[in-house]
Amino acid sequence: MKTIFAILFVSLISVADLAGQGSKDQAASRIWISDVTILSPERLDHIATGSVLIEDGRIVRVERKQRAKKPAGATVVDGKGQFLIPGLIDSHVHLASVPGMGFDQISSNAEMTRSYYKQMPRSYLYYGYTTLVDLGVMVDHQVMKDFRQSPEHPDLYDCGDALVFANGYPMSYAPPEVRFELFSNFIYDPEQASSIPPEYKPEAHTPAADVARVKGAGGICVKTFYERGFGHAKNLPVMSEDVLAEIRKEATRDGLVLMMHANSYEAQKFAADGGVDVIAHGMWNWGDLEKEKEMPDEVRQVLDRIVEKKIGYQPTVQVLEGERVYFEPDYLGSAAIRKVVPKEMVAWFNTAEGKRFKKDLADDDTPDAVMAQGYEKGPIRRDQLVVAYLASKNANFLFGTDTPSGPTYGNLPGLNGYLEMRQLQKAGMSLTQIFKAATISNAREFKLDSELGTIERGKIANLLLLKKSPLDSVDAYDSITTVWVHGTAIARDSLAVDSVK
Ligand SMILES: [Zn+2]
């Protein structure tokens, strides 16, 4: 075991000085990454080649000059010709959801699900995600616990149980008999008293009580929804301005980041007016305004307000692409997929049962190519226009993928982040904007910036070594050679599904 580790370590990250180090632990405690181009998002106007010292999981020295003297007893990692960046932060994931599977399929494929969960933390690390924020809806404590106890895993924060409006999205998907039990942190609506079981008392489901439960469970954010529904479930009840104002007040008092699921013109207007901190999706539904060819003034005005109020914005283009791929014949053949989910799962995706979600997306007689084009010319294009506009105004973009956004095999852990970055670039964000969104901006918004988000003394040593610069091409995020999590180096290739363990 130790031998295999050493071989990987030496061959992949060219560690000098490894001989003579007694153990992995000793090697991990003091690391000197030398002659590397340091790319830290707060210092992009002064990019320098230098060295970084990691000790006991923290960054303790950053030298922005060449040939700084190696500290005694440190293991040297030669970073020559490579780039060092902070570990990436994805502030919108759903770890308990399994891509491509509905709830019934998760329970009837227990073995496959187990091996998926086992690989999942490694897949996020494979693409450089060292910090995640789970926006769970219902927190699956076992999945979170297992994740945090797995040998190699990103840091994990969460928003606790989401504040779902009574009988609204997404609790409307659960049968009425169980939905209040499942979405127990729901917001009471007096107007719907007759359809809320009597054991749920109004005073226990006020915004204040709900936010307090999130805070009490250790959440760092509050997740809310403004969604009237789509497909078969339309005209769902949504919260009023007064309810949002109360949530806003309570979240501020408890120091929690207020996030809102909102992807329509109406919803984002509501979110912006109500002063949420983060809008968790791009605006791809324009309602009646969709008739217009270019971006309507009404949309632009809402986006201007989002910019002005510095509201965090997660475009989540991959939510749409994750549906579009069901109409894409070659998607499951991609080699990248095989690195992030177990082989047997990819095989299952290829079965009729594995493609069940397609039936929910497809209009019966519409050919696949037409469906795929419908996504491109419809919601994807609208989201791209919104991203381009916000990019031109240098909005407060936050990197969040919504992995997986539904029972789709089009949103796979880690890989989905890389694909989202490609989408953001295609839509018009600059490489600097993408880099900041996934590092310093996420760290600041979620109040993690004293620990994460930059390469500075005192911060947690969550770092990535890359062959290419992420300021030159988005491909750089697929050129990672080493991932450090709290100062422990992991060779990237060892994190893939097919690696030697
Ligand atoms: Zn989500």
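The rules behind each value
Residues numbered from 1 in each chain as written. Predicted model: local features only at pLDDT ≥ 70, side-chain atom pairs only at ≥ 80, totals over all residues. Heavy atoms only, no water. Helix = DSSP H or I, 4+ residues; strand = E, 2+ residues; numbered from the N terminus. Rg over C-alpha atoms; globule rule 2.2 N^0.38 Å. Buried < 20%, exposed > 50% of the residue type's maximum accessible area, 1.4 Å probe, protein only. Contact = heavy atoms within 4.5 Å. Areas by Shrake-Rupley, 256 points an atom, 1.4 Å probe, with all protein chains shown as cover. Lys, Arg positive; Asp, Glu negative; His and termini not counted. Charge placed at Lys NZ, Arg CZ, Asp CG, Glu CD. Expected span 1.5 Å × (residues − 1). Bend = angle between axes of the 7 residues up to and from the residue. pLDDT = per-residue confidence, 0-100. Arc of directions from axis to C-beta. Pairing = 2+ DSSP bridges. Axes fitted to C-alpha atoms, helices over the stretch in contact; angles between N-to-C directions. Polar contact = N/O pair within 3.5 Å; in protein donor to acceptor, adjacent residues only side chain to side chain. Salt bridge = Lys/Arg side-chain N within 4 Å of Asp/Glu carboxyl O.

Description of the overall build of the protein chain
Phase 1: The helix and strand tally for the protein chain stands at 18 helices and 15 strands.
Phase 2: On C-alpha atoms alone, the protein chain measures out to a radius of gyration of 23 Å, which is about the 23 Å that the 2.2 N^0.38 rule sets for 501 residues.
Phase 3: Seen through its C-alpha atoms, the protein chain measures out along the principal axes to roughly 75 × 50 × 45 Å.
Phase 4: For the protein chain, the residues scored as buried account for 57% of the 501 residues in total.
Phase 5: Long-range pairs, those at least 24 residues apart, make up 70% of the contacts in the protein chain with a sequence separation of at least 6.
Phase 6: Here the protein chain displays about 21,100 Å² of accessible surface, and carbon together with sulfur accounts for 51% of that area.
Phase 7: Put simply, the protein chain has 57 plus and 67 minus side-chain charges, and the middle of one group is 7 Å from the middle of the other.

Topic: helix H4 (residues 110–126)
Phase 1: Here H4 contains 17 residues, and its C-alpha end-to-end distance of 24 Å stays within 8% of the 24 Å for a straight helix at 1.5 Å per residue.
Phase 2: The largest bend along H4 reaches roughly 35° and is located at Met 120, with the proline Pro 121 sitting one to four residues downstream.
Phase 3: Those residues of H4 not exposed but buried are Met 112, Thr 113, Tyr 116, Gln 119, Met 120, Pro 121, Arg 122, Ser 123, Tyr 124, Leu 125 and Tyr 126.
Phase 4: Looking one or two residues beyond H4, the residue adopting positive phi is Gly 128, at roughly 90°.

Side note on the confidence of the model for the protein chain
Phase 1: Per-residue confidence for the protein chain gives a mean pLDDT of 92; residues scoring 70 or more make up 93%.
Phase 2: Overall, residues 1–27 carries pLDDT values under 50, and its contacts beyond four positions in sequence, including any with other chains, amount to 36 contacts.

As for helix H10 (residues 297–308)
Phase 1: Its 12 residues place the ends of H10 16 Å apart at the C-alpha level, agreeing with the 16 Å of an ideal helix rising 1.5 Å per residue.
Phase 2: Among the residues making up H10, those that are buried are Val 299, Val 302, Leu 303, Ile 306 and Val 307. Down the axis of H10, the smallest arc covering the buried residues is 145°, so these residues share one side.
Phase 3: Along its buried surface, H10 packs onto helix H9 (265–273), strand S11 (278–279), strand S12 (312–313) and helix H15 (368–392).
Phase 4: Remark: Lys 310 follows H10 within two positions and exhibits a positive phi of approximately 55°.

Some words on the sheet that holds S11
Phase 1: Spatial strand order, S9-S10-S11-S12: four strands in an open sheet with parallel pairing. Each edge of the sheet is formed by a strand with only one pairing partner; in this case those strands are strand S9 (221–225) and S12.
Phase 2: In this structure, S11 lies alongside S12, joined through two bridges in parallel fashion. The residue bridging Ile 279 from the neighbouring strand is Tyr 313, located in S12.
Phase 3: Packing of helix H8 (residues 241–254) onto the sheet brings it into contact with S9 and strand S10 (257–261), and relative to S10 it is tilted by some 150°.

Details of the environment of Thr 252
Phase 1: The topology assignment puts Thr 252 in helix H8.
Phase 2: Along the chain, Thr 252 and Asp 277 lie 25 residues apart, while their C-alpha atoms are 10.0 Å from each other.
Phase 3: Polar side-chain contacts of Thr 252 include one of 2.8 Å to the backbone oxygen of Arg 248.

Quick word on the side chain of Arg 492
Phase 1: Structurally, the position occupied by Arg 492 is in the segment after strand S15 (488–491).
Phase 2: Here the side chain of Arg 492 touches Asp 478 through a polar contact of 2.8 Å, side chain to side chain.
Phase 3: Not counting chain neighbours up to four residues away, the residues in contact with Arg 492 comprise Tyr 126, Tyr 127, Tyr 477, Asp 478, Ser 479, Ile 480, Thr 481 and Thr 482.

Comments concerning the pairing of strand S7 (residues 129–134)
Phase 1: The buried fraction of S7 is high, at six of six residues.
Phase 2: As paired strands, strand S6 (residues 88–93) and S7 are joined by four bridges and run parallel to one another. Within S7, the residue paired with Val 93 across the bridge is Asp 134.
Phase 3: Taken together, the four bridges between S7 and strand S8 (residues 155–158) define a ladder with parallel strand orientation. Looking across to S8, one finds that Asp 134 is bridged to Asp 158.

A few points about unusual backbone geometry
Phase 1: Here the bond from Tyr 169 into Pro 170 is cis, since omega is -5°, no more than 30 degrees from zero.
Phase 2: Counting through the fold element by element, Pro 170 comes out in the loop between S8 and helix H6 (176–182).
Phase 3: Residues Thr 403 and Pro 404 are joined by a peptide bond in cis, for which omega reads -20°.
Phase 4: Here Pro 404 lies in the loop between H15 and helix H16 (415–427).
Phase 5: In this model, Asn 235 sits at a positive phi of 55°, which is unusual for a non-glycine residue.
Phase 6: Structurally, Asn 235 can be placed in the loop between S9 and H8.
Phase 7: On the accessibility criterion, Asn 235 (71% relative accessible area) is exposed.
Phase 8: Phi is positive for His 486, which is not a glycine, with a value near 45°.

Concerning the pattern of salt bridges
Phase 1: Across all of its chains, the model carries 24 salt bridges by this definition.
Phase 2: Across the pair Arg 122 and Glu 152 runs a salt bridge whose closest N-O atoms are separated by 3.4 Å. Taken as a pair, Arg 122 in helix H4 and Glu 152 in the loop between helix H5 (141–149) and S8 lie far apart in primary sequence, 30 residues in all.
Phase 3: Of the charged contacts, one joins Arg 213 and Asp 210 as a salt bridge, the two residues approaching to 2.7 Å between their closest N and O atoms. Pair noted here: Arg 213 and Asp 210 are both in helix H7 (residues 207–216), with a separation of three residues, about one helical turn.
Phase 4: Exposure remark for Arg 213: the relative accessible area of 38% places this residue in the partly exposed category.
Phase 5: Taking relative accessible area as the criterion, Asp 210 reaches 0% and is therefore assigned buried.
Phase 6: A cluster of three or more residues bridged by salt bridges with shared partners is formed by Glu 321, Arg 324, Glu 328 and Glu 376.

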